[in-house]
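Coordinate analysis (summary)
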Amino acid sequence: MKSLCVIGFRQMALLLAVVGLFSSVCFAQSSVVFVPSTDTQDRRSFYLSLESYAHFAKYENGGFQSYGPSVVYGVAKNLEVGLNYYFTHDESGSANELQPNIKWRPYNNEEKGVAVAVGSLLFVPLNDNAGDRTSAMIYANASKSFKSAKELRLTGGIYRQVNGGDDFGTKTGILLAVEQPLTEKFSLLADWTTGENRLGYSNIGFNYGIKKSQNLTVAYTFGNSGRGNNYLSLFYGYNF
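As a starting point, this report considers the structure included with it.

What counts, and at which threshold
- Residues numbered from 1 in each chain as written.
- Predicted model: local features only at pLDDT ≥ 70, side-chain atom pairs only at ≥ 80, totals over all residues.
- Heavy atoms only, no water.
- Pairing = 2+ DSSP bridges.
- Helix = DSSP H or I, 4+ residues; strand = E, 2+ residues; numbered from the N terminus.
- Axes fitted to C-alpha atoms, helices over the stretch in contact; angles between N-to-C directions.
- Phe/Tyr/Trp six-rings, centres within 6.5 Å; stacked < 30°, edge-to-face > 60°.
- Buried < 20%, exposed > 50% of the residue type's maximum accessible area, 1.4 Å probe, protein only.
- Salt bridge = Lys/Arg side-chain N within 4 Å of Asp/Glu carboxyl O.
- Polar contact = N/O pair within 3.5 Å; in protein donor to acceptor, adjacent residues only side chain to side chain.
- Core = buried A, V, L, I, M, F, W, Y, C linked by side-chain atoms within 4.5 Å.
- Contact = heavy atoms within 4.5 Å.

1. Considerations on the sheet that holds strand β11 (residues 214-223)
- Within the closed barrel, the 12 strands sit side by side as β1-β2-β3-β4-β5-β6-β7-β8-β9-β10-β11-β12. Their pairing is antiparallel. Taking each pair of neighbouring strands and ignoring which way they run, the sheet shows an average axis angle of 20 degrees.
- Where strand β6 (residues 135-146) and strand β7 (residues 152-162) come together, 11 bridges link them in antiparallel fashion. Of the residues in β7, the one forming a bridge with serine 143 is threonine 155.

Have a look at this one:
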């Protein structure tokens, strides 16, 4: 597996082109909280997530709310495409953004509990408040599950931001995540994306399986650059 920081220009361009191809399908990426997992959606199945984020402060003190749906579609075995749409409101007004994405899992050994995934996520601003530059994150990660610890799973990887501009901040960082099932329906989750940029957050929370096809994730998100970026994250997911 190649590190993201040494992926060549041709490979990067190819990956971004593939993302652009699938963005017209209008399908969100499976993740722990925000760090991408090594899971992929089953072939020909959909996953819909309704998401809400809120920093409970007055707008003039940095408060904001963000809402949006995310959809994932399993194109083939070990390959998924997705689309996120987010509407955010803060002191400066409203921002609208699309995030088409793709993930491929080239290796998955269930017996050893090891998997590897690579993927990309585009950030496409739809109005001036969302920015004037389309950028992308490309990443590679790997996970290891431990049957002796109730299927504890550890995930680690690296990401690279492309076309973020000089004021984006950290361009390359580390992805870390842990998932600990406690019961058949209840799991603890935590993940961290390093760097001082729009991706730089840590998250801690839980996932609860309401039914076989439905789940609820609640997490608190801590910004790497200060508590002004902290917020509550809520996700309701439906698999069909």
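Resuming the write-up.
2. Focus: the packing of aromatic side chains
- Inspection of the entire model under this criterion finds 12 aromatic pairs.
- Taken together, a centroid distance of 5.9 Å and an interplanar angle of 65 degrees make the contact between tyrosine 53 and tyrosine 86 edge-to-face. With a gap of 33 residues between them, tyrosine 53 in strand β1 (residues 46-55) and tyrosine 86 in strand β3 (residues 79-90) connect regions that are remote in the sequence.
- Tyrosine 53 sits in the buried class, given a relative accessible area of 6%.

3. Structural notes on the pairing of strand β8 (residues 172-181)
- Pairing of β7 with β8, which is carried by 8 bridges, proceeds in the antiparallel orientation. Bridging from a neighbouring strand, leucine 154 pairs with valine 178 of β8.
- Linking β8 to strand β9 (residues 186-193), which pair antiparallel, is a turn of 4 residues.

4. Quick notes on unusual backbone geometry
- One non-glycine residue, glutamate 151, lies in positive phi territory at about 65 degrees.
- Here glutamate 151 is to be found in the loop between β6 and β7.
- Given a relative accessible area of 40%, glutamate 151 falls into the partly exposed group.

5. So, the pattern of salt bridges
- If you walk through the whole model with that rule in mind, you get 4 salt bridges.
- The salt bridge partner of glutamate 97 is arginine 198, with a shortest N-O separation of 2.9 Å. Within this pair, whereas glutamate 97 is found in strand β4 (residues 93-109), its partner arginine 198 is found in the loop between β9 and β10 (201-211), the two being separated by 101 residues in sequence.
- You can call glutamate 97 buried: its relative accessible area is 9%.
- Ionic pairing is found between arginine 153 and glutamate 179, a salt bridge with its closest N-O pair at 2.8 Å. With arginine 153 in strand β7 and glutamate 179 in strand β8, the pair connects residues that are 26 residues apart, well separated along the chain. In this structure, arginine 153 and glutamate 179 share a single accessibility class: buried.
- Salt bridges linked by common partners bring Asp39, Arg153 and Glu179 together as one network.

6. With respect to the side chain of asparagine 141
- Considering the arrangement of structural elements, one finds asparagine 141 in strand β6.
- For asparagine 141, the side chain forms a polar contact with the main-chain oxygen of proline 36, separated by 2.8 Å.

7. What about the nonpolar core?
- Counting residues in hydrophobic clusters, the biggest one holds 19 residues, and the most contacted among them are Met137 and Tyr159.
- Of all elements in the fold, only β5 (114-125), β6, β8 and β12 (231-239) reach the threshold of two or more residues within this core.
- If we skip the residues at most four places from it in the chain, methionine 137 touches Pro36, Gly119, Ser120, Leu121, Phe123, Tyr159, Arg160, Gln161 and Leu199.

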